[in-house]
Amino acid sequence: MKSDAFIGAVYAGVLAAIVSSVVQLGPILIGVQTISIVVVAAGIFLPIGQIFTPLGIILGIIGHLIIGAIWGIVLYAIFYIFGLDKSVQKGLLLGIFIWFFGTEMMRWNTTNYIIWGDIEQVWKLIHDMIFGTGTESYSASI
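Residues numbered from 1 in each chain as written. Predicted model: local features only at pLDDT ≥ 70, side-chain atom pairs only at ≥ 80, totals over all residues. Heavy atoms only, no water.

A closer look at the overall build of the protein chain
Scanning the protein chain from terminus to terminus reveals 5 helices and 0 strands. The order of helices and strands in the protein chain, counted from the N terminus, is α-α-α-α-α. Within the protein chain, buried positions represent 40% of all 142 residues. Long-range pairs, those at least 24 residues apart, make up 70% of the contacts in the protein chain between residues at least 6 apart in sequence. Total accessible area on the protein chain is roughly 7600 Å²; 75% of this is exposed by carbon and sulfur atoms. (Helix = DSSP H or I, 4+ residues; strand = E, 2+ residues; numbered from the N terminus. Buried < 20%, exposed > 50% of the residue type's maximum accessible area, 1.4 Å probe, protein only. Contact = heavy atoms within 4.5 Å. Areas by Shrake-Rupley, 256 points an atom, 1.4 Å probe, with all protein chains shown as cover.)

With respect to the confidence of the model for the protein chain
With 88% of its residues at a pLDDT of 70 or more, the protein chain has an overall mean of 80. By mean pLDDT, helix H5 (residues 118-139) is the weakest element of the protein chain at 76, and helix H3 (residues 54-82) is the strongest at 87. (pLDDT = per-residue confidence, 0-100.)

Notes on the packing of aromatic side chains
On inspection of all chains with the given rule, the structure shows 3 aromatic pairs. Seen from their ring centres, Phe 97 and Phe 101 are 5.9 Å apart, and the 25° between their planes marks the pair as stacked. In this pair, Phe 97 and Phe 101 are both assigned in helix H4 (residues 87-107), 4 residues apart and thus about one turn of the helix distant. A residue is classified by how much of its surface remains accessible, and Phe 101, at 33% relative accessible area, is partly exposed. These aromatic residues form a ring-pair network of at least three members: Trp 71, Phe 97 and Phe 101. (Phe/Tyr/Trp six-rings, centres within 6.5 Å; stacked < 30°, edge-to-face > 60°.)

Observations concerning the packing of helix H2 (residues 37-45) against H3
Between H2 and H3, the shortest axis-to-axis distance is 7 Å and the interhelical angle comes to 100°. Regarding the angle of H2 to H3, the classification is roughly perpendicular. Across the interface between the two elements, Ile 37, Val 38, Ala 41, Ala 42, Ile 44 and Phe 45 from H2 touch Gly 56, Ile 57, Leu 59, Gly 60, Ile 61, Gly 63, His 64 and Ile 67 from H3. Counted by class, the contact of H2 with H3 contains 10 nonpolar, 4 polar and no charged residues. (Axes fitted to C-alpha atoms, helices over the stretch in contact; angles between N-to-C directions. Parallel < 35°, antiparallel > 145°, perpendicular 65-115°, else oblique. Nonpolar A, V, L, I, M, F, W, Y, C, P; charged D, E, K, R; others polar.)

Regarding the layout of surface pockets
Approximately 380 Å³ is the volume found for the largest pocket. Along its surface, the largest pocket is lined by 19 residues, and Ile 44, Ile 67, Trp 71, Gly 102 and Lys 124 are the ones closest to its centre. Elements with a contribution of two residues or more to the lining of the largest pocket: H2, H3, H4 and H5. Top element by residues in the lining of the largest pocket is H4. It accounts for 5 residues. Looking at the lining of the largest pocket residue by residue, the classes come out as 11 nonpolar, 6 polar and 2 charged. (1 Å grid on protein atoms, 1.4 Å probe; cavity = no way out; pocket = protein on both sides within 12 Å on 5 of 7 lines; lining within 4 Å. Points joined across faces, edges and corners; volume = space filled by probe spheres on them.)

Focus on H3
In this model, H3 (29 residues) spans 42 Å end to end at C-alpha, consistent with the 42 Å of a helix rising 1.5 Å per residue. Those residues of H3 that fall on the buried side of the exposure criterion are Gly 56, Gly 60, Gly 63, His 64, Gly 68, Ala 69, Trp 71, Gly 72, Leu 75, Tyr 76 and Phe 79. Where H3 ends, the next residue or the one after it, Gly 83, has phi of about 90°, a positive value. (Expected span 1.5 Å × (residues − 1).)

Regarding the nonpolar core
Within soluble globular proteins, side chains that are nonpolar generally end up buried alongside one another. Counting residues in each nonpolar core, the largest one holds 8 residues, listed as Ala 16, Ala 17, Trp 71, Leu 75, Phe 79, Leu 94, Ile 98 and Phe 131. When contributions to this core are tallied by element, the ones reaching two or more residues are helix H1 (3-30), H3 and H4. Sorting elements by how many residues they give to this core places H3 first, with 3 residues. Ile 35, Val 39, Val 40 and Met 106 belong to the second-largest nonpolar core, a separate cluster that totals 7 residues. (Core = buried A, V, L, I, M, F, W, Y, C linked by side-chain atoms within 4.5 Å.)

Right under this line is the structure:
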């Protein structure tokens, strides 16, 4: 990977993490979802009693952006290896994979805040599919 492409992939992942988190605010504000993925990311670093503190929210945002950057690099590598054809479908599939991987990571107790509710998992899947498609949009242009 060229360094410019690497930085572009990091930007793609961070930008997609921001966009998907902003989109996720809609269901939270109308009351069909209760937990943001930022809270789950904060649970990676903090015990459950400190997740909803200002420090917890800041660490959650930073953690979510770092995880987004890592997945941006992964998606760029997938495009580099397999080509750009059908990149939207690849982005959606990556989102589904991230959802599955994230759900399994929660089951392995990598975070102190776990999403188990059905509606929360559906919204997490939608969040991850938006993330994968958003990362695809920018990565495909690198």
